[in-house]
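Tertiary structure, described
Residues per chain, in single letters:
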Amino acid sequence: SKWCMKFSSNNGAYIIFSASEPILVSGYSIVTGNDNASCTGRNPKSWKIYGCNDESAGRSSESWVLIDKVTSDTNLEDVNYQKYDFALSNPPSVWYRYFKMEISETKGASLLQISELILTYTTCNHQWVKTDDVVAPTCTEGGYDVYKCSVCQFTKKESNSVAALDHDWVSG
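Figured I'd write up the structure that's included with this text. (Residues numbered from 1 in each chain as written. Predicted model: local features only at pLDDT ≥ 70, side-chain atom pairs only at ≥ 80, totals over all residues. Heavy atoms only, no water.)

1. Notes on the sheet that holds strand β11 (residues 155-159)
What counts here: Here a strand pair is declared whenever DSSP counts at least two bridges between the two strands. A run of H or I in DSSP counts as a helix once it spans at least four residues, and a run of E counts as a strand once it spans at least two, with each numbered from the N terminus. Note on geometry: axes are C-alpha line fits, over the in-contact stretch for helices, and angles between N-to-C directions span 0 to 180 degrees.
The strand order across the open sheet formed by three strands is β9-β10-β11, and the pairing between neighbours is antiparallel. Of all the strands in the sheet, the pair left with one neighbour each is β9 (128-135) and β11. For this sheet, the mean inter-axis angle between neighbouring strands, taken without regard to orientation, is 35°. Of the pairings in the sheet, the one linking strand β10 (residues 144-149) to β11 comprises five bridges and is antiparallel in character. Bridging from a neighbouring strand, D145 pairs with E158 of β11.

Put into structure tokens, the structure is as follows:
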């Protein structure tokens, strides 16, 4: 796979993605593109990695928390499919589900490319606590209780055995 795009230093580039559940990030890797040796300067030079738990967060949302910042990188080289690991100097203690990478500068080219961005992370051994949220059944769905993990704050729904009510049809 490869993410390759025209790059403007005025706007930079960004990508927002999600994990299937909250994770605790300890580092990340960037893999260079398949043709970096012949198409030089396309690697990121300066970038930031953010995390948040707001599903609706857009690029400019204040929900994003900075996880890592690299300015004037000297590690990424113009070689094909090379993986470079980046450890976090101050790993977050918060579990995040949504992530954003913003690239503000390439190594000189008007195109930006990377093959992969890989997060190094730990998943949670959830400690489920039942909340006060109880959802009543509807005509088509049974009721459920909401549980929240006391460690990562992830929530889940669990059936509470109250069956769906079925429709109450009115003649006419």
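From this point, the narrative continues.
2. Considerations on the environment of I103
Cut-off, in case you're wondering: With a 1.4 Å probe rolled over the protein chains alone, any residue whose accessible area is under 20% of its type maximum counts as buried; one over 50% counts as exposed, and the rest are partly exposed. Note on contacts: a residue pair qualifies if any of its non-hydrogen atoms lie within 4.5 Å across the two residues.
The topology assignment puts I103 in strand β6 (residues 96-106). Owing to a relative accessible area of 1%, I103 belongs among the buried residues under this scheme. Separated by 32 residues in sequence, I103 and T71 have C-alpha atoms that sit 10.0 Å apart. I103 has contacts with W3, F7, G12, A13, P44, S46, W47 and L112, leaving out every residue within four places of it along the chain.

3. Focus: the pairing of strand β2 (residues 13-31)
In terms of strand pairing, β2 meets β6 through seven bridges, oriented antiparallel. Bridging from a neighbouring strand, I15 pairs with M101 of β6. One ladder, built from seven bridges, connects β2 with strand β8 (residues 116-122); its direction is antiparallel. In the sheet register, I30 faces β8, and the bridge partner there is L117.

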